[in-house]
Amino acid sequence: MGVCLKVLAAFIENENCFPDPFFTQILTCACDACKTVTLHVPSKLDAEKFVGRVNLRECLKSANLIHSSDADFQVLEDGSVYTTSAVLFSSKKRHFTISLSNSENHEEKEMHVLLEHQTKALKQSHPKEKVLRRAKRRWAPIPCSMMENSLGPFPLFLQQIESDAAQNYTVYYSISGPGVDQPPLNLFYVERNTGNLFCTGPVDREQYPSFEIVAFAATPDGYHPEFPLPLLIRIEDENDNYPIFTNSTYIFTIAEHSRIGSTVGQVCATDKDEPGTLHTQLKYSILQQLPASPTLFFMNPTTGVITTTTSQLDRELLDKYQLKIKVQDMNGQHFGLQTTATCIICIEDVNDHLPTFTRSSYVASVEENTVDVEILRVSIEDKDLINTANWRANYTILNGNENGHFKIVTDPKTNEGVLCVVKPLNYEERQQLTLQIGVVNEAPYYRETTSKSAMSTATITVNVKNQDEGPECSPPVQTVRIKENAPVNTRSQGYKASNPDTKSSSDIRYKKINDPKGWITVDENTGSITTFRNLDREAEAIRNGVYNVTILATDKAGRTCTGTLGIILEDVNDNGPVILKKTAIICKPTMSSTAIVAFDPDDPMNGPPFHFSLEEDSDANAQRVWALTKINDTAARLSNQNDLPFGPYTVRVRVTDRHGLSHTTPLNVIMCDCITENDCSLRGVSRTGTGEFRLGKWAILAILLGIALLFCILFTLVCGATGTAKKPKAFPDDVTQQNLIVSNTEAPGDDKVYSANGFTHTVGSAGAGACGTVGSGVIHAGQETIEMVKGHQTLDSCRGGEQHAREPCGAGHVEVEPGRYTYSEWRSFTQPRLGEKVQLCNQDDSHEHAQDYVLTYRYEGQGSAAGSVGCCSERQEDDRLDFLDHLEPKFRTLAEACVKR
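The structure contained in this document is the topic of the report that follows.

Conventions we followed
- Residues numbered from 1 in each chain as written.
- Predicted model: local features only at pLDDT ≥ 70, side-chain atom pairs only at ≥ 80, totals over all residues.
- Heavy atoms only, no water.
- Helix = DSSP H or I, 4+ residues; strand = E, 2+ residues; numbered from the N terminus.
- Buried < 20%, exposed > 50% of the residue type's maximum accessible area, 1.4 Å probe, protein only.
- Areas by Shrake-Rupley, 256 points an atom, 1.4 Å probe, with all protein chains shown as cover.
- Pairing = 2+ DSSP bridges.
- Axes fitted to C-alpha atoms, helices over the stretch in contact; angles between N-to-C directions.
- Disulfide = S-S within 2.5 Å.
- Phe/Tyr/Trp six-rings, centres within 6.5 Å; stacked < 30°, edge-to-face > 60°.

Once that is clear, we can look at the overall build of the protein chain. Broken down by element type, the protein chain carries 9 helices and 58 strands. Each of the 901 residues in the protein chain was classed as buried or not, and the buried ones make up 42%. Surface exposure of the protein chain reaches about 49300 Å², of which carbon and sulfur atoms provide 51%.

Take a look at the structure:
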């Protein structure tokens, strides 16, 4: 061991890197690391000062018992050595032994610690350094450190820097950086000739954890034989900062009856000392609990989490606890720094107390016929927190309120149950009722229980008081039966009211207040009725054979009630069946018959099945011309057996009910030239009682409007023709059929040719059309539609108007821009033709108006040939309209196919 110490001492002397007196450096002997460790210390150490750190794990990894042979020194689990009292070194060396043992395997080892007092003589051992100096070693020294808040003496030697060039040259040393020429200024300096580095004052690690300075070596003539040397001076931490709680007072809340181990909250503290050391290893604990007993809370020493140690927290016993908590560094060692704080724990209420009635039974009374009145208040007891869902009560009626006479609500201020009557009671029906009520809290009970065990119940007896009340109209609707053919002054039982107390009808007076037809009178004393007029079950005021009369009953005190007397009129067969629809239309040739329906206002027992027959004396030929066939019990079909001409006819039809009562109805049968019955009426033909046809007011108005519209069109064309005369232009015969236009012409056989140039051509199948027609003018249903399509195309001038529509019009081209000149060209083309047609429309050869000058508005004629049939038609005047007579069979076939049956 002596050899080891000598080698160690030689190594230290030749390194020339000595720690300051207040910084401890651990050096382990390479010969036997488990036996001797040397620590350099100053001549004086205060109590609880850090001396150094030894590596216990290298000596004995599983040591769980540590003992120091010197009572002035204490060794912790991580190998840190602290003084337990002030130590003054009288000699240069002092040693003690650290005993390590493992109680499980009984393994034991010892470690020797040598404490040496460092003197200034060591700092000036410069001549000896040159003997053991290694090349390129001095210009790269190990990092240097010093203790924060050092007490000196200052200047304090840190280490020596030296360049290898100093063997051959004179070298001057200098430094720069933080602590030298940067803040904090002048904290470090270096001796120019020796390279010794000194500190001039204490340093706070929390402010300056380390300093990185740069050393320079230069010859007197300014030559730098070495690169700048970075030097790291680390400030060793001292436990000089107290741990601090993040809050001075913590407030937590936990529900009562929480399980053991439930988390209450977590506290936290911070320490400015160096992290990862014992100086910042914090330990939490509870110093005091108020009230002290029993102990209810536990604090995790590492995390600061507070948990419960019992499930017996009861807010009703105590709703608040106060803890005094502590945090201490150095892992809770007695010499560690500590801070305290206050923690307030509030106990939160849960619904752990059921509401209970203060009494098990109650008695209340109420007068009959009263409603919306309070008759009783019930109270409860509940220890839970007031004005919370755990305290507020919900009342309910469990039994006895099947008819809905009562309701119970909660008074929000007093938490009482208020019993009210919401439906009037009747003393004559029941004099006493028994109710069972229950109560629960708004919040559910914290334990799982059945609904019955979690509910408190009570019984309420309600006595009904009698009240002197008026007559009772019960039931409110009463009925009697009378035959409708009963003679006048027929007496019958009437409406009866009674006294609810005596159930007697005496001393009650009756009066009718509503008799729609005035058919009856009411006896004032008995309420019986007498017919005043003949009764009619089929009258308008009768609904379902019942005639309702409203009766007012009055007692001696003037109290009244109102009831309804329903007189059921028993039907007699006093009405024959009638045909309601007096007019029937038969459209030729689409149909040859029509359906007629009869109705009997009597009861179905006196009604259908009906028998339909023709009156013999109505027409000598009625049986040959008309025929009746049965459809069902109430309808028959009237058929035309001969091809009668159009016009109205009168047919008398007799309808007989099941009991033989009959009624004859004259039917107005119209043979109409139509497709459907509606089509006959749309033509403006109305049916008169005499069977003649006349134009209706709407048909006349439609004709007038059509004529006015036609004249407006003609007037516009004539006015346009008065402009500057231009040579009529022929229009191109382009049949590309690219533009689609709407045509109102419905006649068969038309071939529409649509020009992409913007002009429409019409080619009739029965004759030639005009060349280059601007638009097809079609007179349809009394109105004229002129169609014109706007476009852009090169126009060819037509040399003659008699060319076929599909033949080219000739040479010569006029370029027309889109939408330009179209109207003027159209007007120039139509002016002479329309002028001629207007002249022809005005008069014929006999100087009278032409036959088709005035047309029926919207009338389309008996079929249509190609093109228009108006006065402005493009057809030859010689043809007239005679050809229409030859198209009738084809048109009828087409019409019959299109009719919706």
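Okay, back to it.
Turning our attention to unusual backbone geometry. Omega for the peptide link from P183 to P184 comes to -10°, which places this bond in the cis form. Note that P184 resides in the loop between β13 (172-176) and β14 (188-190). If you check the backbone angles, H257 has positive phi at about 65° while not being a glycine. The phi dihedral of N331 is positive, around 60°, even though this residue is not glycine. With respect to the element layout, N331 can be found in the loop between β25 (320-328) and β26 (338-348).

Moving on to the sheet that holds strand β33 (residues 417-421). The strand order across the open sheet formed by 3 strands is β29-β33-β32, and the pairing between neighbours is antiparallel. Taken across any chain shown, the strands that pair with only one partner, and hence form the sheet edges, are β29 (373-378) and β32 (406-410). Geometrically, the sheet is characterised by an average inter-axis angle of 25° between neighbouring strands, direction not taken into account. Relative to β33, β32 runs antiparallel, the two being bridged by 5 bridges. Bridge pairing links T410 to G417 in β33.

Here we take up the environment of L151. Residue placement: L151 occurs in the loop between β11 (144-147) and β12 (156-160). The spatial distance from the C-alpha of L151 to the C-alpha of P202 is 6.7 Å, given a sequence separation of 51 residues.

The next point concerns the state of the cysteines. All told, the structure shown has 2 disulfides when counted by the stated rule. C587 shares a disulfide with C674; S-S distance 1.9 Å. Its torsion about the S-S bond being -90°, the disulfide of C587 and C674 is classed as left-handed. Of this pair, C587 sits in strand β44 (residues 583-588) while C674 is found in the loop between β50 (662-673) and α6 (677-682), placing the two residues 87 residues apart along the sequence. In this structure C343 is not part of a disulfide, and its nearest cysteine sulfur, from C346, lies 9.4 Å away. Of the residues examined, C343 reaches a relative accessible area of 0% and is grouped as buried.

Here we take up the sheet that holds strand β34 (residues 432-441). With mixed pairing, the 4 strands of this open sheet are ordered in space as β28-β35-β34-β31. Across the chains shown, the open sheet's two edge strands, defined by having one partner strand only, are β28 (361-367) and β31 (393-399). Neighbouring strand axes in the sheet, compared pairwise and without regard to direction, differ in orientation by 30° on average. Relative to β34, β31 runs antiparallel, the two being bridged by 6 bridges. Note that in β34 the partner of I397 across the bridge is I437.

Of all 5 residues in β33, 5 are buried, a share of seventy percent or more. Burial along β33 is two-sided: the residues G417, L419 and V421 and V418 and C420 are all buried. Where β29 meets β33, 5 bridges bridge the pair, whose relative direction is antiparallel. From the neighbouring strand, V373 faces β33, where its bridge partner is V421. Turn length for the β32-β33 hairpin, with the two strands adjacent in sequence and antiparallel, is 6 residues, and the turn residue N415 shows positive phi of about 65°.

Moving on, we come to the packing of aromatic side chains. Tallying each qualifying case throughout the model produces 15 aromatic pairs. Here F73 and F96 contribute two aromatic rings whose centre-to-centre distance is 5.0 Å and whose plane-to-plane angle is 10°, an arrangement assigned as stacked. Taken as a pair, F73 in strand β6 (residues 73-75) and F96 in strand β9 (residues 93-102) lie far apart in primary sequence, 23 residues in all. Exposure class is identical for F73 and F96. Each is buried.

The alternating pattern of strand β7 (residues 80-83) places S80 and Y82 and V81 and T83 on opposite faces, both of which are buried. The sheet contact formed by strand β4 (residues 50-53) and β7 spans 3 bridges and is antiparallel. Each residue of the ladder has a partner; that of R53, found in β7, is S80. Summarising the sheet, β6 and β7 pair through 3 bridges and their orientation is antiparallel. Bridge pairing in β7 places V75 opposite V81. Between the antiparallel neighbours β6 and β7 lie 4 residues, among them G79 with a positive phi of about 90°.

Looking now at the environment of I375. Within the secondary structure layout, I375 lies in strand β29. Distance in space between the C-alpha atoms of I375 and V418 is 7.8 Å, their sequence separation being 43 residues.

So yeah, pure geometry; function would need other evidence.
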